[in-house]
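# Results of the structural survey
This is what each chain is made of:
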Amino acid sequence: MTTTIPQQPVKEDLTKPIETGRSVFDSAMTVLSIVFTLFAIVPLFSVLIYVLIQGFSSLDFDIFTELPAPTGTPGGGFGNAIQGTLIMVSFAALISVPFGVLTGIFLSEYARDSQFIQVVRFGVNVLAGVPSIVIGVFAYGVVVAAFGSFSAYAGGFALAILMLPIIVRTTEEALKLIPWELRLGSLGLGANRFNTIARVIVPAAIPGIITGVMLAVSRAAGETAPLLFTALFSQYWIESLNQPTASLAVLIFNYATTPYVDLQRKAWAASLLLLFLVLVISIAARFVFRRRF
Amino acid sequence: MSNELQAGQVDTSVGTAYKVRDMAFFYGTKKALDSINVDIPAKSVTAIIGPSGCGKSTFLKSLNRIAEAETKVRIDGQIELFGQNIYDPKVNLTRLRKNVGMVFQRPNPFPMSIFDNIAYGPRVFGFKGDLNELVESSLKKAFIWKEVQDKLRTSALGLSGGQQQRICIARSLAVNPEVLLMDEPCSALDPIATLRIEELIASLREQLTIIIVTHNMQQAGRVSQNTLFFNTDETRIGNLVEGGPTKEIFFSPKDKRTEDYITGRFG
Amino acid sequence: MQTQPPVQFQAKDLTEGGGKLQGDTLARILFQAAAFAVVGVLIWMAVVIVIAASPAITKFGLGFLVDTTWDPVQEQYGGLAFVFGTVASSLIAMVLAVPVGLGIAIFLTEDFLPEWLLTPIAFMVELLAAIPSVVYGLWGIFVMIPILRVVETWMNNTFGFIQIGGKQVFGIPYGPGLFTAGVLLAIMILPTIASISRDVLTAIPRSLRNASLALGATRWETIFRVMLPAGSSGIVGACVLGLGRALGETMAVTMVIGNTPQIDVSLFAPAYTISALLANEFAEANSPLHIGSLFFAAMLLFIVTLLVNILAELFVRRVSLGRQ
C-alpha cells in the first residue's frame, strides 16, 4: 500500500465501562446465586455431619441384636426394627418388582407413541407424586380394614405402591441405555419382539434394572409416613406377618419425639443406618444412570 | 510496504477495520489457529472460505470474543478493531459486542415476538428514543419489513427459516454495529432465501464492515470484495493460506492449495 | 394357546411363523396387563379413599372445609385449620425455595463453574432429595430449631411492630411452628426445583444465549431476558412439582410444626397440617366418624396433590414436546 489511509476510529471507546447500574446488577446477581447455592449445601453437610457424629457415638453392637429396653431404662437395641424394615421392604419388592419391571419394559419397548403408553406414563408420574401419607391411608383402607389389625402385610403393601413408580422409571431408563442396534441386530436375525426383549435387551439391562430396584428399596426403607398406621410399631421380634411390626423409620419418629436422651441417641443411630443405605445406593444409581430419580 | 498485495493482505484502500497480528487460538490446550496475520477492510464484505475444520468459524468467533463464552479459550497475538486492541483486559465485552454484531449459522430468534426480538438490544442498552421507529427502520434495512409489518406482535418462531435469519440480521442492526459477523448465515436456508440474504448483504455493504464465513464459493464470489482462504495442515491447526481481492483469489490464486480448493481438486 | 407356555414355544423354534406371533402377542398382553395394573392402582386408591370418607362427607359436606373445630370427644370435625396449616407452610416453603432453587439452577448452568466443580455440587444438591424425611425431622428438632429460635427472636424484636388486627405477624417464637416447618420444607423441595429447572435451562439451545451475548447483553441480562422466559414453562413445572411435594410432605413437618390446630396471625405460632393430622391420629382413631373424617382429610390432600401434579406434568410435558 502506498497511500496510508487514516484509520477511522471506532465511534465508541471499547474500554468505556457499561452503565454502573448494569454492571452492579450483574455482580450482585452473581454473588446472590453463589450465596443461594451455599444455602443449599450447608443443610446437606449439617445433616450428614450431625447424623455421622451423633449416630456413630450412639452405635454399638447391642443395637443390632437386642430388643428395645423398657422406657426409662438404658441399654437395649432395635434389632426388631431392623428385622421389620428388612421384612417389609422385601415383601414390598416381591409385589412391586414384577409389576414395575414389566411396565418399564412395556414403556420402553412397545409402541412408544400409542395413546395407552401416554396414559401409562402419565399415570406413573402422577403416582410418583401422590404423598406417601396418602398411600398409607390407602393401605389402611385396603389391608388394615380387611385384616382388622395393623400388620407387616399392610406396611409392605404401602411400600410396594411407593416403590412402583421408581422401579418403572428406572427400568425404562435402563432399557433406553441399551443401544438401538442391539434390537435391530436381534430382530434382523428373525427373532420376534418378545425374544429380543427376553434374550437380548433385558439381560443387557440387568445391572441397570437391579440398581433401580435397589434405589426403590432404599427409598422405601427410609419412608415413615405410610408405615405409621399400617405396620404401626412393636417392641418385640416378629412372629407373624399378620401383626404390628417395628421399622427403623417409625422408630426414629417415635424416639425423636421423646424426652429421653437414651432414646434420642437410638434415633440418631437408626438415622445413620438409614442414611448410609440411602446414600450408598443413590450414589451407585447416579453412576449407572447418570441422571436422578 | 510494497505495492503488491501479499498473502494475508487484502485491499484496505477503503480503510482497515480489523488488524490481526501473529494471532494464535487455543481451545484449552489444543491449538486451533496459528500465526494469522491479516488486515480486514472497513465498509466492505470480506468472505472467509476453506474446508471444514480449518478454523474459519473459530477465527470469526474470536473477532467479537464470543468464543470465550462457549468454552475456555486462549488467544495469543493481537487483534485490533479500528486501532483498539480488543483483547486488552480493559475492554468491556458488552461494548465490544454491541459494536460487532453476529449472525449465526442457524437462525436463532428469541422465543418472543418479532418486535421484542428487534427491540432486545436497544432495550438492554436503555434506548431512549422512539422504539417503534427503530424497530421499523431495522426491519426495513433487513428487507423484511413488508413481510412482517402486520404481525410484529406474533412470535418470531412462526416465520420461515429465511425470514427468521433476516429477523436475526435486523436484531443485530438495531444496536447500530460497526461490524457484522456472519457465520455461514445461509447454510440452513433454501436457494431463494439465500438469494434474499445475499441481496441484503450487498445493500448493507456501504454502511458497515461485513465478514462472512461461507462454505459456498459461489456465494463468496457473489457477495464479497475480499476473500480469505483458511486451510489446515496435517497437524490439524488452521492457518490463513492467502487473502486478497476476491477476483484475484478466484482467478489468479498465488498458492497451489488455494487453486486446488477453488477448482475443486481439494480432498 | 393356553396349553403351551410361550417361552418354551419360542425357544424351540424361532422360525415358525404362527408360533412367533402367538408368543409375542401373549407377552404383549402380559406387559400391557402390568402397565394397566400400575395405572389401575391410582383409580383403586381414589375409590377406596372416597368410599371410606363417605360417612364424613355425608355428615359434614363442604362445611368440613370452613369449620375449624376438630373435636374427637364431641365427634365434631372440621378441616379448616389443617388446610390452613398445609397451605401456609407450603407457601412459606415456596417463597424461600423458588428464588434459592432458581438461583442454584442458574449458577449450575450458566458457565459460572468449571466442570470438575460443577458435577459434584450438582450431585450434592440432588442428594438432598435422597435423605429420608424422618431424618430431616430429627435434624430439624435438634439442630434447626435452636438456630431458628435465634433468628425468630431477632425478627420478633425487629419486626414486631408489624401487626394485623393487633397481633404480631412475627410473634413470639415457640420453636416448633409454621415458619420452622416452612423452612424445613423449603430445604426438602429445593433439590426438586433446582434440579428440574437446571435440566430445563440446559435444554435451551446455546445459540440463544450466544445471540444475546453477541448483541452486547451482559450475562445476567441474558439470563433474565432470554433464558428464564425461554424456560418459563418448564421452570413453572418444576416449582409446581416442588409445591406438590411440600403439600404432601409428612414426617418432617409433623416433627417441627407444633401440631396445634389453630389459625394464628403469627408466622411463628404452632400450626397443624393435613398430613401431620393423619400421621398423629390415624392409628388411634376408633369411631367410624373419626376415621371417616381422617379419610375425608386424606381425600382433600389426594385431590389437591393430584391436581398439582397433573398441572406440573402438563407444564413439563410442554417443554419436552418443544424440545423435539
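None of these values were measured; they are calculated from a predicted model.

## Concerning the overall build of chain C
From N to C terminus, chain C includes 12 helices and 4 strands. Over its C-alpha trace chain C gives a radius of gyration of 25 Å, far above what one expects of a compact globule, namely 20 Å for 324 residues. For the C-alpha atoms alone, the extent of chain C along its principal axes is close to 85 × 70 × 35 Å. Counting the 324 residues in chain C, one finds 52% classified as buried. Residue pairs at least 24 apart in sequence account for 74% of intrachain contacts in chain C once pairs closer than 6 positions are excluded.

## Looking at the overall build of chain A
Counting secondary structure elements, chain A contains 10 helices and 0 strands. Put simply, chain A runs from its N terminus to its C terminus through helices and strands in the order α-α-α-α-α-α-α-α-α-α. The C-alpha radius of gyration of chain A comes to 27 Å, more than 25% above the 19 Å expected for a compact globule of 293 residues. A burial count over chain A gives 49% of its 293 residues as buried.

## Section: the packing of helix H9 (residues 248-256) of chain A against helix H10 (residues 261-289) of chain A
Residues and elements named next belong to chain A. Remark: H9 packs on H10, axes separated minimally by 8 Å, with the N-to-C direction vectors making an angle of 150°. Relative to H10, the element H9 lies roughly antiparallel. Once H9 is placed against H10, the crossing between them reads as left-handed. Here Leu248, Ala249, Leu251, Ile252, Tyr255 and Ala256 of H9 lie close against H10, whose contacting residues are Leu263, Gln264, Lys266, Ala267, Ala270, Ser271, Leu273 and Leu274. Across the contact of H9 with H10, the residue classes break down as 11 nonpolar, 2 polar and 1 charged.

## What about the interface of chain C and chain B?
Contacts between the two partners involve 16 residues from chain C, matched on the other side by 22 residues from chain B. Residue assignment for the side of chain C that touches chain B shows that the elements contributing at least two residues are helix H7 (206-214) and helix H8 (219-230) of chain C. For the side of chain C that touches chain B, the leading source of residues is H7 of chain C, giving 6 residues. Per-class residue counts for the side of chain C that touches chain B are 10 nonpolar, 4 polar and 2 charged.

## Thoughts on the interface of chain C and chain A
Chain C puts 71 residues into the contact, and the matching count from chain A is 72 residues. Broken down by element, the residue count for the side of chain C that touches chain A peaks at 19 residues, all from helix H2 (residues 17-60) of chain C. Looking at side-chain class alone, the side of chain C that touches chain A contains 50 nonpolar, 15 polar and 6 charged residues.

## A few points about the environment of threonine 218 of chain C
Within the secondary structure, threonine 218 of chain C sits in the loop between H7 and H8. Residue classification places threonine 218 of chain C among the buried positions, given that 22 C-beta atoms sit within 10 Å. With residues up to four places along the chain from it excluded, the contact list for threonine 218 of chain C reads Arg22 and Asp26 of chain A together with Thr94 of chain B.

## Let's talk about the environment of arginine 222 of chain B
All names here are of chain B. Inspection of the secondary structure assignment puts arginine 222 in helix H9 (residues 217-223). For arginine 222, a count of 18 C-beta atoms within 10 Å puts it in the partly exposed group. For the pair arginine 222 and threonine 246, spaced 24 residues apart in sequence, the C-alpha separation works out to 9.3 Å.

## Digging into the nonpolar core
Counting 277 residues, the largest nonpolar core has Met163 and Ile252 of chain A together with Val135, Phe295 and Ala298 of chain C as its most contacted members. Among residues more than four places away in sequence, those in contact with alanine 298 of chain C are Val134 and Val137 of chain A together with Ile49 and Leu278 of chain C.

## Some remarks on the packing of helix H3 (residues 79-109) of chain A against helix H8 (residues 193-222) of chain A
All names here are of chain A. It is at 9 Å that the axes of H3 and H8 come closest, and there the two elements cross at 140°. One finds that H3 runs oblique with respect to H8. Seen along the crossing, H3 lies across H8 with a hand that is right-handed. Counted together, Thr85, Val89, Ala92, Ala93, Ser96, Val97, Val101, Ile105 and Glu109 of H3 and Ile197, Ile201, Val202, Ile209, Val213, Ala216, Val217, Ala220 and Ala221 of H8 form the full contact between these two elements.

## So, helix H7 (residues 161-173) of chain B
Residues and elements named next belong to chain B. Between the first and last C-alpha of H7 there are 18 Å, a value that for 13 residues agrees with the 18 Å anticipated at 1.5 Å per step. In terms of residue burial, H7 counts as a mostly covered element, since 12 of its 13 residues are buried. When H7 is considered as a whole, its buried residues turn out to be Gly162, Gln163, Gln164, Gln165, Arg166, Ile167, Cys168, Ile169, Ala170, Arg171, Ser172 and Leu173. In this fold, the buried residues of H7 make contact with strand E6 (100-103), helix H4 (114-124), helix H5 (131-141), helix H6 (145-148), strand E7 (179-183) and helix H8 (191-204).

## Description of helix H5 (residues 132-147) of chain A
All names here are of chain A. The terminal C-alpha atoms of H5 lie 21 Å apart, and with 16 residues this matches the ideal 22 Å at 1.5 Å per residue to within 8%. At tyrosine 140, H5 shows its largest kink, close to 35°. Looking at the residues trailing H5, positive phi occurs at glycine 148, about 75°.

## Some details on the confidence of the model for chain C
All names here are of chain C. Here chain C averages 89 in pLDDT, while 91% of its residues score no lower than 70. The model gives residues 6-12 a pLDDT under 50, and that stretch makes 11 contacts with residues more than four places away or in other chains. This prediction of the complex comes with two scores: 0.87 for pTM and 0.90 for ipTM.

## Digging into the pairing of strand E4 (residues 73-81) of chain B
Regular strands show a simple pattern: their side chains alternate between the two faces of the sheet. All names here are of chain B. Here strand E1 (residues 16-27) pairs with E4 via 8 bridges, running antiparallel. Within the sheet, the bridge partner assigned to tyrosine 27 lies in E4 and is valine 73. Note that E4 and strand E5 (residues 84-85) share 2 bridges and pair antiparallel. Paired with leucine 81 across the strands is glutamine 84, a residue of E5.

## So, the environment of valine 143 of chain C
Residues and elements named next belong to chain C. Mapping valine 143 onto the fold places it in helix H5 (residues 133-159). On the basis of neighbour count, valine 143 is assigned to the partly exposed category, with 17 C-beta atoms found within 10 Å. The spatial distance from the C-alpha of valine 143 to the C-alpha of aspartate 24 is 57 Å, given a sequence separation of 119 residues.

## Remarks on the pairing of strand E2 (residues 30-41) of chain B
Residues and elements named next belong to chain B. The sheet contact formed by E1 and E2 spans 8 bridges and is antiparallel. Its bridge partner lying in E2, phenylalanine 26 is registered against lysine 31. Connecting E1 to the antiparallel partner E2 that follows it, the hairpin turn spans 2 residues, and glycine 28 within it adopts a positive phi of roughly 65°.

Rules behind the numbers
Residues numbered from 1 in each chain as written. Chains lettered and ligands numbered in written order. Predicted model: local features only at pLDDT ≥ 70, side-chain atom pairs only at ≥ 80, totals over all residues. Helix = DSSP H or I, 4+ residues; strand = E, 2+ residues; numbered from the N terminus. Rg over C-alpha atoms; globule rule 2.2 N^0.38 Å. Buried ≥ 20, exposed ≤ 12 C-beta atoms within 10 Å, placed from the backbone. Contact = placed C-beta atoms within 7 Å. Axes fitted to C-alpha atoms, helices over the stretch in contact; angles between N-to-C directions. Parallel < 35°, antiparallel > 145°, perpendicular 65-115°, else oblique. Left-handed = near helix turned anticlockwise from the far one by under 90°. Nonpolar A, V, L, I, M, F, W, Y, C, P; charged D, E, K, R; others polar. Core = buried A, V, L, I, M, F, W, Y, C linked by C-beta atoms within 7 Å. Expected span 1.5 Å × (residues − 1). Bend = angle between axes of the 7 residues up to and from the residue. pLDDT = per-residue confidence, 0-100. Pairing = 2+ DSSP bridges.

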